[in-house]
Amino acid sequence: VQLQASGGGSVQAGGSLRLSCGAFGRTFGRYVMGWFRQAPGKEREFVAAINWNGSSTKYVQSVKDRFTISRDGRKTTTYLQLNSPQPEDTAVYYCALKDSLDWGPVETETWYDYWGQGTQVTVSS
């Protein structure tokens, strides 16, 4: 199984960017996908998560009302829409997948089964 994150790049503060994460190698019927990020010199932190049918989502407080997580119901793909990003959102963004029907401790890195390689997001002021 391989997770591929894409869509990163440079954006000005107040702009927008959409990250994508697709799972390849097998079909997942039920899953939870999460996004994490790691800024230079900081630990990796949880950003957002969504379950397989979109009925459950969770965000870290700092991105609520600015970022939106969604998924494509036809395939194991999730999106993270970054609206009005700020310089403090600059980080490498990682996606992760938990092969599970049930919602769980989505903020915990070790809960996930698979990880993508990360995509860099740089926000300039």
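Scroll up to find the structure.
This write-up is about the structure you can find in this document. Numbers given to residues run from 1 along each chain, matching the order in which its sequence is written. It should be noted that, the model being predicted, local features are given only for residues of pLDDT at least 70 and side-chain atom pairs only at 80 or more, the latter also being counted only at that level, while totals for whole chains, interfaces and linings use all residues. Hydrogens are left out, water is left out, and the side-chain values use all remaining heavy atoms of the structure.

With respect to the state of the cysteines
Then, in step 1: Cysteine sulfurs are considered disulfide-paired once they come within 2.5 Å of each other. All told, the structure shown has one disulfide when counted by the stated rule.
Then, in step 2: Between the sulfur atoms of cysteine 21 and its disulfide mate cysteine 95 the distance is 2.0 Å. Handedness here is read from the sign of the S-S torsion; for cysteine 21 and cysteine 95, about 65 degrees, the answer is right-handed. You can see cysteine 21 sitting in strand S3 (residues 16–24) and its partner cysteine 95 sitting in strand S9 (residues 91–98), a full 74 residues away along the chain. Neither cysteine 21 nor cysteine 95 differs from the other in exposure class; each is buried. To qualify as a helix, a DSSP run of H or I must reach at least 4 residues; to qualify as a strand, a run of E must reach at least 2; elements of each kind are numbered from the N terminus. Using a 1.4 Å probe on the protein chains alone, a residue whose accessible area is under 20% of its type maximum counts as buried, one over 50% counts as exposed, and one in between counts as partly exposed.

Structural notes on the packing of aromatic side chains
Then, in step 1: Ring geometry is summarised as follows: Phe, Tyr and Trp rings, the Trp one being its six-membered ring, pair when their centres sit within 6.5 Å, and such pairs are stacked at plane angles under 30 degrees, edge-to-face over 60 and tilted between the two. All chains considered together, the criterion is met by six aromatic pairs.
Then, in step 2: Plain terms: the ring middles of phenylalanine 36 and tyrosine 112 are 5.5 Å apart, the flat faces sit at 90 degrees to each other, and that makes the pair edge-to-face. Of the two residues, phenylalanine 36 sits in strand S4 (residues 32–38) while tyrosine 112 sits in the loop between S9 and strand S10 (114–115), which places them 76 residues apart along the sequence.
Then, in step 3: Relative accessible area serves as the criterion here: at 6%, tyrosine 112 is assigned to the buried category.
Then, in step 4: Ring centres of phenylalanine 36 and tryptophan 115 lie 5.0 Å apart, and the angle between their planes is 50 degrees; this geometry places the pair in the tilted category. You can see phenylalanine 36 sitting in strand S4 and its partner tryptophan 115 sitting in strand S10, a full 79 residues away along the chain.
Then, in step 5: Look at phenylalanine 36 and you get buried, because its relative accessible area is 1%.
Then, in step 6: Look at tryptophan 115 and you get partly exposed, because its relative accessible area is 27%.
Then, in step 7: Here the aromatic residues Phe36, Phe46, Trp111, Tyr112 and Trp115 are joined through ring pairs into a cluster of three or more.
Then, in step 8: By definition here, charges over rings are those cases where NZ of Lys or CZ of Arg is within 6 Å of the ring centre and within 35 degrees of the ring normal. Here arginine 18 stacks its cationic end above the ring of tyrosine 79, 4.1 Å away from the centre of that ring.
Then, in step 9: Over the aromatic face of tyrosine 94 sits the side chain of arginine 44, whose NZ or CZ is 4.8 Å from the ring centroid.

Considering the sheet that holds S3
Strand pairing in a sheet relies on backbone hydrogen bonds, with the paired strands running either antiparallel or parallel.
Then, in step 1: Each pair of strands is called paired provided DSSP finds at least two bridges between the two strands. Across the sheet, four strands lie side by side as S1-S3-S8-S7; this open sheet has antiparallel pairing. Looking along the sheet, the strands with just one partner apiece sit at the ends: strand S1 (2–6) and strand S7 (67–72). When the angles between neighbouring strand axes are averaged without regard to direction, this sheet yields 15 degrees.
Then, in step 2: Where S7 and strand S8 (residues 77–83) come together, six bridges link them in antiparallel fashion. Bridge assignment links phenylalanine 67 to a residue of S8, and that residue is leucine 82. Helix axes are fitted only over the stretch in contact, all axes being lines through C-alpha atoms; the angle between N-to-C directions runs from 0 to 180 degrees.

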